[in-house]
Amino acid sequence: MADREERRFAEVSRDSVKLMAESSGVELGDDVATLLAEDVCYRLREATQSSSQFMRHAKRRKLTVEDFNRALRWSNVEAVCGYGAQDALPFRSAKEGELFFIEDRDINLVELALATNIPKGCAETLVRVNVSYLDGKGNLEPQGTVPSVVQTLSEDLLKYYQQITRAILGEDPHLMKVALLDLQSNSKIAALLPYFVYVISGVKSVSHDLEQLNRLLHMVKSLVQNPNLYLGSYVRSLVSSVMYCILEPLAASINPLNDHWTLRDYAALLLSHIFWTHGDLVSGLYHQILLSLQKVLSDPVRPLCSHYGAVVGLHALGWKAVERVLFPHLPAYWANLQAVLDDYSVSNAQVKADGHKVYGAILVAVERLLKMKALSLSQPAEGGSGGPQVSVGGAMGYRMSSPGLSPPPEPLSDAALGIASHLQAGGAGCPWEEWTPVPLPAMYSELYSFFGDSLAVRFSTGPGWGSPPCTLSQHSDTKKEPAGPASNPDTTRKMPQLTANLNISPRQDGSPRTDPPPPSLAATGPG
Amino acid sequence: MAAVQGGQVDAVEEKDIKTEPSNDGGGNNNANDGRLLSTSPGSSSSTGSIKSAAGPPEDQQTLLAVLQFLRKNKLTESVEILRREAGLPEDSLELKGGDSSGSGSGAAAGSVELAGGDASSLLSRVTSSASTVAPAPTKAAGEDQPDVNVVLSAYSQQGDPPLYQVYYSGLKKFIESVLDCHRAELSQVFYPLFVHMYLELVYNNHESEAKAFFEKFSGDQECYYEDDLRILSSLSKREHMRGNETLLDFRTSKFVLRISRDSYQLLKRHLQERQNNQIWNIIQEHLYIDIFDGMPRSKSQIDAMSGSLAGEGKREANKAKVYYGLLKEPEIDMGSKSKKQDPNAPAQTRIPLPELKDSDKLDKIMYMKEATKRIRLGPEILPSICFYTFLNAYQGLTAVDFTDDSSLIAGGFADSTVRVWSVTPKKLRKVKSAADLNLIDKESDDVLERIMDEKTASELKILYGHSGPVYGISFSPDRNYLLSSSEDGTVRLWSLQTFTCLVGYKGHNYPVWDTQFSPHGYYFISGGHDRVARLWATDHYQPLRIFSGHLADVTCTRFHPNSNYVATGSSDRTIRVWDVLTGNCVRIFTGHKGPIHSLAFSPNGKFLASGATDSRVLLWDIGHGLMIGELKGHTDTVYSLRFSRDGEILASGSMDNTVRLWNATKAFDDLETDDFTAATGHVHLHDNSQELLLGAYTSKSTPVIHLHFTRRNLLLAAGGYNP
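Residues numbered from 1 in each chain as written. Chains lettered and ligands numbered in written order. Predicted model: local features only at pLDDT ≥ 70, side-chain atom pairs only at ≥ 80, totals over all residues. Heavy atoms only, no water.

1. So, the overall build of chain A
Spelled out, the test is: Secondary structure elements follow DSSP: runs of H or I of four or more residues count as helices, runs of E of two or more count as strands, with numbering from the N terminus. Note on contacts: a residue pair is in contact if any heavy atoms of the two residues lie within 4.5 Å. The protein chains shown are the only cover counted for residues, whose accessible areas, like all others here, come from Shrake-Rupley with a 1.4 Å probe.
Within chain A one finds 22 helices and four strands. Intrachain contacts of chain A at a sequence separation of at least 6 include 66% that bridge at least 24 residues. Total accessible area on chain A is roughly 27,700 Å²; 58% of this is exposed by carbon and sulfur atoms.

2. Thoughts on the sheet that holds strand 14 (residues 512-517) of chain B
Residue and element names in this part refer to chain B. Here is the rule we go by: Strands pair, by our definition, only if DSSP identifies at least two bridges between them. Axes here mean lines fitted to C-alpha atoms, for a helix over just the part in contact, with angles spanning 0 to 180 degrees between N-to-C directions.
The strand order 14-15-16-17 describes an open sheet built from four strands, whose pairing is antiparallel. On the outer flanks of this sheet lie strand 14 and strand 17 (545-548), each paired with one strand and no other. Each adjacent strand pair in this sheet contributes to an overall mean axis angle of 20°, direction not counted. Relative to strand 16 (residues 532-537), strand 15 (residues 523-528) is paired through five bridges, and the arrangement is antiparallel. What sits directly across from Phe524, in strand 16, is Trp536.

3. With respect to the environment of Met452 of chain B
Examined against the element boundaries, Met452 of chain B turns out to sit in strand 8 (residues 452-458). What Met452 of chain B contacts, discounting residues up to four positions off in sequence, is Arg429, Lys430, Val431, Lys432 and Gln497 of chain B.

4. A look at the pairing of strand 31 (residues 715-720) of chain B
All names here are of chain B. Stated precisely, the cut-off is as follows: Each residue's exposure class comes from its accessible area (1.4 Å probe, protein chains only) as a fraction of the maximum for that residue type: buried when under 20%, exposed when over 50%, partly exposed otherwise.
Summarising burial for strand 31: six of the six residues are buried, a large majority. Burial along strand 31 is two-sided: the residues Leu715, Ala717 and Gly719 and Leu716, Ala718 and Gly720 are all buried. Pairing geometry for strand 3 (residues 385-391) and strand 31, over six bridges, is parallel. Within strand 31, the residue paired with Phe390 across the bridge is Gly720. In this structure, strand 30 (residues 706-709) lies alongside strand 31, joined through four bridges in antiparallel fashion. Across the sheet, residue Leu707 finds its bridge partner in strand 31, namely Ala717. Count of turn residues in the strand 30/strand 31 antiparallel hairpin: five residues, of which Asn713 carries a positive phi of about 75°.

5. Here we look at the side chain of Ser445 of chain A
All names here are of chain A. What counts, and what does not: Between N or O atoms, a polar contact is any pair within 3.5 Å; within protein, one atom must be a potential hydrogen donor and the other a potential acceptor, and residues adjacent in sequence are included only when both atoms are from side chains.
Summarising the element assignment, Ser445 is placed in helix 19 (residues 440-451). On the basis of relative accessible area, Ser445 is assigned to the buried category, the value being 7%. Polar contacts involving the side chain of Ser445 include one to the main-chain carbonyl oxygen of Ala442, which spans 2.7 Å.

6. Looking at the packing of aromatic side chains
Each aromatic ring pair is specified by the distance between its two centres and by the angle formed by the two planes. Definition in use: Between rings of Phe, Tyr and Trp, where Trp is taken as its six-membered ring, a pair exists when centres lie within 6.5 Å; planes separated by under 30 degrees are stacked, by over 60 edge-to-face, and by other angles tilted. Distance and angle both matter: a charge sits over a ring if NZ of Lys or CZ of Arg is within 6 Å of the ring centre and within 35 degrees of the ring normal.
Summed over all chains, the structure comprises 35 aromatic pairs over all chains. Where Trp261 of chain A meets Tyr308 of chain A, the ring centres are 4.8 Å apart and the plane angle is 85°; that geometry is what we call edge-to-face. With Trp261 of chain A in helix 11 (residues 260-278) and Tyr308 of chain A in helix 13 (residues 304-317), the pair connects residues that are 47 residues apart, well separated along the chain. A relative accessible area of 6% means that Tyr308 of chain A is categorised as buried. A network of ring pairs unites the aromatic residues Tyr168, Phe190, Phe194, Tyr198, Phe213, Phe214 and Phe217 of chain B as a single cluster. Cation over ring: Lys461 of chain B sits above Phe499 of chain B, and NZ or CZ is 5.7 Å from the ring centre.

7. Some details on the interface of chain B and chain A
For clarity, the threshold we go by: Here the quantity called buried area is the total loss of accessible area, with a 1.4 Å probe, experienced by two parts when brought into contact, counted for both. Here, a salt bridge means any side-chain nitrogen of Lys or Arg that lies within 4 Å of a carboxyl oxygen of Asp or Glu. Side-chain classes follow a simple rule in which Ala, Val, Leu, Ile, Met, Phe, Trp, Tyr, Cys and Pro form the nonpolar group, Asp, Glu, Lys and Arg form the charged group, and the remainder, Gly included, forms the polar group.
On the chain A side, the residues contacting the 65 residues of chain B number 46 residues. Carbon and sulfur atoms make up 54% of the area that chain B and chain A hide from each other, which totals about 4,800 Å². It is His240, Leu391 and Asn392 of chain B in chain B that bury the most area against chain A; as a group they hold 13% of the surface buried on that side. On the surface where chain B and chain A come into contact, there are three salt bridges. Glu487 of chain B is paired through a salt bridge with Arg70 of chain A; the nearest N and O atoms lie 3.1 Å apart. Linking chain B with chain A are 10 residue pairs in polar contact (both at pLDDT 80 or more). Going through the elements one at a time, helix 13 (207-217), helix 14 (226-233), helix 15 (238-241), strand 3, strand 4 (397-402), strand 5 (408-413), strand 6 (418-422) and strand 29 (693-698) of chain B are the ones with two or more residues in the side of chain B that touches chain A. Among the elements that line the side of chain B that touches chain A, the one with the most residues is strand 3 of chain B, at seven residues. For the side of chain B that touches chain A, the residue count by class is 31 nonpolar, 22 polar and 12 charged. Two elements, strand 3 (residues 126-134) of chain A and strand 3 of chain B, share seven bridges in a ladder whose sense is antiparallel. Counterpart to Tyr133 of chain A in the pairing with strand 3 of chain B is Ile385 of chain B.

8. Describing the UniProt feature "repeat: WD" (unreviewed entry) in chain B
All names here are of chain B. We count it as follows: UniProt positions are given in the numbering used here, feature names are shortened, and annotations may be inferred rather than shown by experiment.
As annotated by UniProt and renumbered to match this structure, "repeat: WD" (unreviewed entry) occupies residues 390-431, 463-498, 505-536, 547-588, 589-622 and 631-663. Taken end to end, residues 505-536 is 0% helix and 59% strand, and its two terminal C-alpha atoms sit 9 Å from one another. In residues 631-663, helix accounts for 0% and strand for 58%; the two terminal C-alpha atoms are 10 Å from one another.

9. Overview of the nonpolar core
We count it as follows: Only buried residues count toward a nonpolar core. Its members are Ala, Val, Leu, Ile, Met, Phe, Trp, Tyr and Cys residues joined through side-chain atoms within 4.5 Å.
Counting 100 residues, the largest nonpolar core has Leu326, Ile362, Leu447 and Phe451 of chain A as the members making the most contacts within it. Membership of the second largest hydrophobic core comes to 44 residues, among which are Tyr198, Leu201, Phe250 and Trp280 of chain B.

10. A word on the pairing of strand 28 (residues 658-663) of chain B
All names here are of chain B. Of all six residues that make up strand 28, six are buried, and the element is covered over most of its length. In this sheet, strand 28 lies alongside strand 27 (residues 649-654) in antiparallel orientation, the contact comprising five bridges. Bridging across to strand 28, Ser652 finds its partner in Arg660. When strand 28 meets strand 29, the two strands line up antiparallel, connected through five bridges. By the bridge assignment, Val659 is partnered in strand 29 with Tyr697.

11. What about the pattern of salt bridges?
This structure, assessed with the given rule, holds 44 salt bridges over all chains. With its nearest N and O atoms 3.2 Å apart, the salt bridge here joins Arg70 of chain A to Glu66 of chain A. With Arg70 of chain A and Glu66 of chain A both in helix 3 (residues 65-74) and four residues apart, this pair spans about one turn of that helix. Take Glu66 of chain A: its relative accessible area is 35%, and that puts it in the partly exposed class. What emerges from the salt-bridge pattern is a single network uniting Asp363, Asp404, Asp405, Arg479, Arg645 and Arg711 of chain B.

12. Structural notes on a nonpolar patch on the surface
Stated precisely, the cut-off is as follows: Only residues above 30% relative accessible area that lack a salt bridge enter a patch, with like-charged residues linked at up to 9 Å and the nonpolar side chains Val, Leu, Ile, Met, Phe, Trp and Tyr linked at up to 5 Å.
A cluster of nonpolar side chains, contributed by Val65, Val80, Tyr83, Leu89, Phe91, Phe100 and Ile102 of chain A, occupies part of the molecular surface with about 620 Å² of accessible area. Looking at the element boundaries, Val80 of chain A is found in the loop between helix 3 and strand 1 (91-94).

13. With respect to the packing of helix 7 (residues 173-185) of chain A against helix 9 (residues 210-225) of chain A
Residue and element names in this part refer to chain A. Let me state the cut-off plainly: With respect to orientation, any angle under 35 degrees is reported as roughly parallel, any angle over 145 as roughly antiparallel, any angle of 65 to 115 as roughly perpendicular, and every other angle as oblique.
Contact geometry of helix 7 with helix 9 gives a least axis separation of 7 Å together with a crossing angle of 30°. One finds that helix 7 runs roughly parallel with respect to helix 9. Across the interface between the two elements, Met176, Leu180, Leu183 and Gln184 from helix 7 touch Arg215, His218, Met219, Lys221, Ser222, Leu223 and Gln225 from helix 9.

14. Overview of the packing of helix 12 (residues 190-203) of chain B against helix 13 of chain B
All names here are of chain B. What counts is decided by this rule: By convention, the crossing between two helices is left-handed when the near helix turns anticlockwise from the far helix through less than a right angle, and right-handed when the turn is clockwise.
Contact geometry of helix 12 with helix 13 gives a least axis separation of 8 Å together with a crossing angle of 160°. It follows from the interaxial angle that helix 12 and helix 13 lie roughly antiparallel. The chirality of how helix 12 crosses helix 13 is left-handed. Note on element contacts: helix 13 touches helix 12 through Glu209, Ala210, Lys211, Phe213, Phe214 and Phe217, opposite Phe194, Met197, Tyr198, Leu201 and Val202. In terms of residue class, the contact of helix 12 with helix 13 is built from nine nonpolar, no polar and two charged.

15. Points about the sheet that holds strand 26 (residues 638-643) of chain B
All names here are of chain B. The antiparallel open sheet is built from four strands, whose spatial order is 26-27-28-29. Each edge of the open sheet is held by one strand with a lone partner, namely strand 26 and strand 29. Here the average twist between neighbouring strands, direction ignored, is 15°.

16. Remarks on the environment of Ser485 of chain B
Residue and element names in this part refer to chain B. By secondary structure assignment, the location of Ser485 is in strand 11 (residues 481-486). In this structure Ser485 comes out as buried when scored by relative accessible area, which is 0%. Separated by 19 residues in the primary sequence, Ser485 and His466 place their C-alpha atoms 8.5 Å from one another. Apart from the residues lying within four places of it in its own chain, the contact partners of Ser485 are His466, Pro469, Val470, Tyr471, Gly472, Thr490, Val491, Val512, Trp513, Asp514 and Thr515. Of the polar contacts made by the side chain of Ser485, one reaches the backbone oxygen of Val512; its length is 3.2 Å.

What follows is the structure, given as structure tokens:
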């Protein structure tokens with residue numbers, strides 16, 4: 001009867017029962033064996049049924065050996081021991097015949113007991129909370145941080161982390177250098193990244209301490225330069241820390257003796273570096289940075305050091321950023337700045353000094369803007385005419401056209417439209433939606449009206465100058481051309497040399513020109 | 001006729017009570033009264049005070065019933081003691097012996113469950129079976145299992161085994177040929193009939209016929225009976241029937257069907273014409289047919305309500321008045337508006353509740369302050385969700401609870417531990433040792449601060465004591481205690497001041513699946529594998545009430561917001577609501593197709609939501625005793641349900657790693673427009689799950705096993721990360 005029964009369940013066959021009986025020295029008749037087999041099957045099913053409720057109440061999907069044993073125990077049957085292993089037991093076949101068995105290796109207890117590598121206890125059970133859904137919308141972090149946290153830090157990593165942070169934030173400059181170098185190259189610290197990022201986000205709490213800020217920025221630099229780290233969305237966090245250093249009126253800047261200017265310069269460079277190398281990790285990052293810089297710039301309440309930060313930040317991001325944000329905003333800003341600079345009262349001395357800093361920064365920025373703009377216009381037309389110009393211009397051209405380095409114009413404008421409202425709210429000076437490139441001569445003349453002869457760049461307005469016809473035509477349209485006639489022959493001659501220097505910015509002087517795009521950073525050593 | 005009736009009722013009661021000494025014995029509801037009271041004389045003051053609320057005449061009747069029961073079980077000493085206590089004359093029992101069965105039934109009629117009232121109607125149909133049931137022998141109490149032979153005795157009358165298939169297919173043919181409107185109703189008969197016929201065959205050792213019968217007709221049964229059929233199919237020997245719980249369920253309780261009078265007449269006529277006694281007998285003996293007048297129900301209406309182990313709840317079972325209103329908040333000197341007493345609320349002192357302590361009042365004030373900052377949720381304003389993920393929970397997270405103010409979170413684990421975390425910066429501290437406490441200046445203002453031992457401050461405290469997985473966990477409302485229930489059969493009460501175990505409540509003897517504190521503290525409810533739920537008071541080591549009636553494990557237990565009722569969900573796929581005061585079952589909700597694993601009362605106390613392994617959430621109107629909604633969307637067991645603080649949103653968490661939010665306001669509002677169902681008791685649900693679903697939120701490999709709304713309506717979800 002058992003033979004023709006539909007195989008609805010796993011069954012213990014009559015033969016198996018007989019075999020087992022034999023192995024313990026009992027001879028069973030067929031009838032008894034059949035009955036026994038059926039009963040065994042039934043009991044097994046019953047135990048399985050009741051074991052499933054233990055699984056359900058443990059809120060699991062997987063039935064474990066432990067569940068089954070509980071069911072057995074509650075029906076007053078001895079539990080089956082030895083199968084509690086978490087990992088699957090391999091089911092193997094014996095070569096000799098149609099025989100299958102569960103591999104059950106002998107374990108040498110002595111060896112196990114004397115083994116030196118005692119397995120470490122498993123990580124502590126802990127509760128982590130994260131905001132999964134805000135206002136029922138959007139998956140902010142789809143519990144994304146869990147896996148990296150689950151992979152809890154090993155002892156060694158923890159030690160490394162402590163040592164590194166201690167070294168970087170500690171007193172010994174030598175140790176710090178070593179630590180930073182290691183941070184730049186260590187390939188096994190991916191798990192620590194969130195922790196480092198967290199430490200770096202501590203800039204806000206040490207804004208009174210230039211030294212610490214500097215060190216944290218160096219830490220950022222090391223992390224950014226480490227080729228083994230995938231920064232992912234942490235870029236955003238790093239950028240915001242760096243931006244803090246650039247833009248905020250740091251507590252340290254209250255004391256005029258503190259050289260927070262250098263810190264801002266450095267942070268600005270770092271910002272551009274992060275952006276050039278990792279900007280693609282976060283969409284719209286470029287735009288967001290520009291926005292916040294612009295916001296600071298257009299906010300007259302902000303102290304001058306913040307404005308300075310915004311200017312050097314824009315400068316570091318490239319001439320297009322300057323053209324886009326700083327230049328249109330300049331007329332409005334200029335009035336404020338002029339007021340500061342024209343105030344000769346004693347009480348204003350400090351502010352005036354700051355104002356000069358800003359003035360200088362703007363000057364440097366717009367000078368490069370002019371040079372680059374001129375170059376970009378002359379580049380396609382001039383092709384390969386002048387020797388020195390070609391080499392540098394070529395390098396520059398490469399930089400501009402290489403997609404990884406220069407922000408692709410398309411998304412930029414898209415993004416600009418996307419957050420235009422936000423922009424308006426910030427009281428922005430230039431409506432980006434309507435932004436159109438100002439022709440070079442117009443730009444030059446406007447800038448000249450501000451800076452006068454302080455502008456180191458001179459352009460001729462004569463026909464001998466820029467070869468692109470478009471510029472010419474536009475130039476002829478512009479009515480006022482104050483600087484033009486005076487310096488005309490001079491500038492035409494100087495042009496090549498000037499453009500040759502175009503890459504020069506205060507901090508970039510020492511850097512080898514041939515370096516890959518973020519050249520300055522590699523050179524600026526810690527401290 | 002009257003005499004027969006008395007005998008009949010007597011026998012029924014007796015049979016039920018006989019199962020009582022064993023807690024797992026699938027006690028019937030009818031036993032409830034006797035059982036409840038038999039425990040109360042032993043328990044002390046508070047029980048007494050609860051009990052005294054019941055009227056004296058009823059009291060005496062039940063006392064007599066108890067006495068009679070005790071006597072039957074030869075517990076003469078107890079009889080003596082109880083009689084003396086109650087001040088009854090010695091011969092009272094003898095004298096009233098004649099009508100004590102009547103009074104017994106009278107008492108039972110107080111419980112809605114029992115067929116006290118409908119015994120006669122039942123009887124008229126069951127006359128032929130009287131002979132088989134009546135001679136149930138009185139057995140000595142204390143036997144572990146009800147004697148299967150007695151329970152199964154009805155099966156001994158056998159027809160011709162090979163004809164079973166003929167009978168069944170004959171009926172099938174008939175039902176398929178009747179008018180559409182009757183077909184759906186009559187089809188309900190198939191399943192219970194099928195099971196009983198199969199069991200009868202098995203019981204009488206017709207194994208091959210049984211198998212053939214099963215194979216031929218098992219495919220016809222509704223898909224939601226699949227699990228039961230699987231168990232049934234593995235059962236093929238008479239010996240197996242002994243001790244099989246599912247089977248006993250079938251026997252100890254009648255399968256309840258609701259059929260309209262017309263359909264029933266049709267069936268009756270058919271069976272009588274055909275002289276189909278075999279089937280007729282089964283219907284009479286093992287089925288309870290709840291006949292109603294009116295239109296036959298449609299297939300979808302029937303499907304909505306069926307699926308439980310023992311058919312639908314009888315309509316009478318849901319007729320008792322339930323005071324679902326909220327208790328008046330105690331006045332606190334904060335200029336709070338004094339609300340009028342809710343007409344649906346129970347009397348304030350219906351069950352004695354603990355006095356508010358000063359700290360409780362402070363907490364209430366905190367609560368009100370928080371409540372003013374509460375976000376009013378709605379379809380447009382959904383709550384933010386915070387997920388508490390248990391990492392490295394290799395020990396298997398089995399239960400989670402938050403304190404009401406969301407300051408503590410506790411987890412029960414399969415390795416028998418209970419872990420309590422502080423989720424605020426405030427660390428957990430123990431009270432100092434007794435020696436150190438003596439040194440403290442007790443007059444100082446900050447004495448409460450001083451008694452804490454700063455050295456013990458930590459984020460996590462682990463409570464050791466259980467010897468099996470911890471399946472249920474619950475914080476007391478005042479955050480001083482924690483309850484945990486475990487596979488080891490105990491419920492433990494832990495102090496959150498000393499982080500030690502205070503009491504181990506023993507009584508279930510089998511795994512305790514769930515436990516919960518009353519919203520007013522002091523009382524708590526537990527339910528487990530022994531198929532009963534027990535009501536305890538923290539200062540009594542024995543239960544105050546035993547709620548017995550479920551036919552399978554009580555899987556989850558919840559207190560009504562007014563503490564006067566508890567709801568229990570069970571693997572028999574029913575939900576029952578019990579009156580804490582009387583111990584009676586006042587509601588039976590059927591409709592789930594799998595074991596129920598989560599329950600939640602709406603904050604206004606009117607509605608109940610339930611989630612089960614069938615991945616559905618069902619909504620119930622407690623006052624009317626009706627199913628009012630079905631929420632489909634989850635793809636796995638719903639392990640957690642919670643209403644937002646104002647009841648606008650229902651959140652459900654499931655094994656499928658999602659949290660779903662449902663528009664509870666809409667679900668309940670829609671109901672009021674068609675309350676005609678209240679009269680007939682027939683629900684007609686339209687599938688509007690998609691309209692009600694406000695959002696589905698996925699976690700990352702983390703089953704959602706607990707949900708909690710903070711006092712400001714932020715939704716907290718918790719689960720163990722399961723990579």
